[in-house]
Amino acid sequence: HGCFAFFERTIMITKNISRKSEFQMIDVFKFIMSFVVVAFHTNPLADSQNELWMRLFIMVADLAVPFFYISSGFFLKENKLDSYLVKILKMYCVWTLLSFPLTIYGYMLSGNGIVSCILSYIKYFLFVGKLYNSYHLYYLLALIYAVVIIKVLLKMNKPKWLFGVAFILYSMNMFMQHAGEYIDNGGILNKIINVYQFVFNKGGVFTGMIYIVIGMIIARRKIIINKPFCILGIIACEIFKVYLGDIADAYILILESALFFQIIVGISVLKLNYTVYLRQLSTVIYLVHLIVFSFYTILIIHQPNVLGVKSFLVTAIFSLAIAVLLRKLEKKERFKWIGNFI
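Counting restarts for each chain, with residues numbered from 1 along the sequence as it is written. Per-residue local features are limited, in this predicted model, to residues with pLDDT of at least 70; the limit for side-chain atom pairs, both in listing and counting, is 80 or more; totals at the level of whole chains, interfaces and linings are taken over all residues. For the side-chain quantities, the full set of heavy atoms in the structure was used; hydrogens and water were omitted.

Peer 1: Just checking my understanding: could you explain helix H2 (residues 24-42) for this structure?
Peer 2: Along an α-helix, residues three or four positions apart point the same way, because every turn accommodates 3.6 residues. Only DSSP runs of H or I with at least four residues qualify as helices, and only runs of E with at least two residues qualify as strands; both kinds are numbered from the N terminus onward. Helix span, as expected, comes to 1.5 Å for every residue beyond the first. Counted at 1.5 Å a residue, the expected span for H2 with its 19 residues is 27 Å, and the 28 Å between its end C-alpha atoms agrees. Asparagine 43, located one to two residues past H2, shows a positive phi value of around 45 degrees.

If you want it as C-alpha cells, here you go:
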C-alpha cells in the first residue's frame, strides 16, 4: 500500500478532466502545431548550422502530427463515428481535388506515361495519401483507415481490442519497412514485403490509429499524469533516441507523444472564448499550407519547393489569412457549405 500511495502521489492519476476549461489548451496547441507543420514542410532552419536548434526543431516537429492524432481520438465520440467518417472522407476528397493541379504538375515533371500516372494516382489516393505537394493529406487518409477499423471493432463489441489491434498494425508496418534490410533471400516473405512497400510505400496510413486510440483512452479513463513526471519522461525519451535506432525511436515517439499530450490536457486555464476559433483556423492552415507553399515557390519566385525562412513566413502568413477568410465566409448563409470541407 505504501509503494502504491507513493506511486499515485508521484504520477498523480486523477479522474477529473471533464471540465471544458481543461480542453482549451488542446485547441491552443493545435493552432501552434499547425505552424510547426508549416515549418517542417518549409524548413526555416534550412541554412542553419546550429545542431542544437535543429535537434529541438526535429523534436517538436516529430510531436506535431501525433498530437493531432491524439487530439482527434480524445474528442472522438463513439455515437458520432459515422458522421465523423463522412466528414473526413469529404475533406480528403475535396482537398485532394483542390491539389489536383499540383498532382498534374508533379506527373509532368516525372515524365511517366499517362497510364502509369493514372495507376499511380489511384494507388496514392487509396493507399498512400501522398501525392505531389499534397503529402500532408495522408493524415486524413490515415484517419479514415483508423476510424473504419475502430468502427468495426466497436460494432463487434470489442473495445478492449482497440489498443492491441492498433499496436499490431503499427508494429506490422514497422516490420514491413525494415525487415527487407535483413531478409533478402528472394523467398515468399521477401516478396510479401516488396508488395506491401509497393502498395503502401512507408505505410503511413497504418501509423495513426495507435495515437488515436491513446487519445480515446485518455478521454474515457479521464487520466491525467503529473506534469513534472511527463517532462522528465520526455527528456528520458530524447536521451534514449540519441542512442537507439530508428525502430526503437518509432516506439519511443508513441510514449513521448502521449506524455506531451498529457502535459497539455492537464493545463487548466480560465475560460477563453477564442480557443474553438483557433482550433478551426488550425485545421484550415494544415489543409491549405502546401498549396500556398507551392503557389509561392513555383509561380511567384520560380524556385519549386525552395526551403528557408522566406518560404516559411510567406506560407505561414498567407495560410493564416486564407484560414481567417474561409472561416468568415463560412458564417455567411450562402457559403455555409464551406464548413463541410474545413
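After that view of the structure, there is still more to cover.
Peer 1: Can you walk me through the side chain of histidine 289 in this structure?
Peer 2: Topologically, histidine 289 is positioned in helix H13 (residues 275-300). Each polar contact in these results corresponds to two N or O atoms within 3.5 Å; when the atoms are within protein, one needs to be able to donate a hydrogen and the other to accept it, and residues that are neighboring in sequence are counted only if both atoms are side-chain atoms. A polar contact is formed between the side chain of histidine 289 and the backbone oxygen of tyrosine 286, at a distance of 2.8 Å. Throughout, a residue-residue contact means that at least one pair of heavy atoms, one from each residue, lies within 4.5 Å. In this structure histidine 289 touches Val37, Val38, His41, His136, Thr315 and Ser319, once residues within four positions along its chain are discounted.

Peer 1: Would you explain helix H4 (residues 81-98) in this entry?
Peer 2: For H4, with 18 residues, the first-to-last C-alpha span of 25 Å sits near the 26 Å given by 1.5 Å per residue. Throughout, exposure labels follow a simple rule: accessible area from a 1.4 Å probe, protein chains only, divided by the maximum for the residue type, with under 20% read as buried, over 50% as exposed, and the rest as partly exposed. Three or more residues of H4 are buried, namely Leu81, Leu85, Ile88, Met91, Tyr92, Trp95 and Thr96. Down the axis of H4, the buried side of the element spans an arc of 125 degrees, and every buried residue falls inside it. Residues of H4 that are buried in the fold lie against helix H5 (100-110), helix H6 (114-128), helix H7 (138-155) and H13. Relevant arc is that of directions from the helix axis to the C-beta atoms, nothing else.

Peer 1: Can you walk me through the pattern of salt bridges in this structure?
Peer 2: Two side chains with opposite charge may pair up if their charged atoms get near one another. Any carboxyl oxygen of Asp or Glu within 4 Å of a side-chain nitrogen of Lys or Arg constitutes a salt bridge here. Using the criterion set out here, one finds 8 salt bridges in the structure. The partner of arginine 279 in a salt bridge is aspartate 27, and the shortest N-O contact between them spans 2.7 Å. With arginine 279 in helix H13 and aspartate 27 in helix H2, this residue pair connects regions lying 252 residues apart in the sequence. By relative accessible area, which is 30% here, arginine 279 ends up partly exposed. Ionic pairing is found between arginine 220 and glutamate 78, a salt bridge with its closest N-O pair at 3.3 Å. Here arginine 220 is found in helix H10 (residues 209-221), whereas its partner glutamate 78 is found in the loop between helix H3 (51-75) and H4, with 142 residues between them in sequence. Classification of arginine 220 by relative accessible area gives partly exposed; the value is 34%. According to the relative accessible area criterion, glutamate 78 is partly exposed, its value standing at 44%. The network of salt bridges with shared partners includes Arg55, Glu238, Lys241 and Glu256.

Honestly, it's all geometry; don't read function into it.
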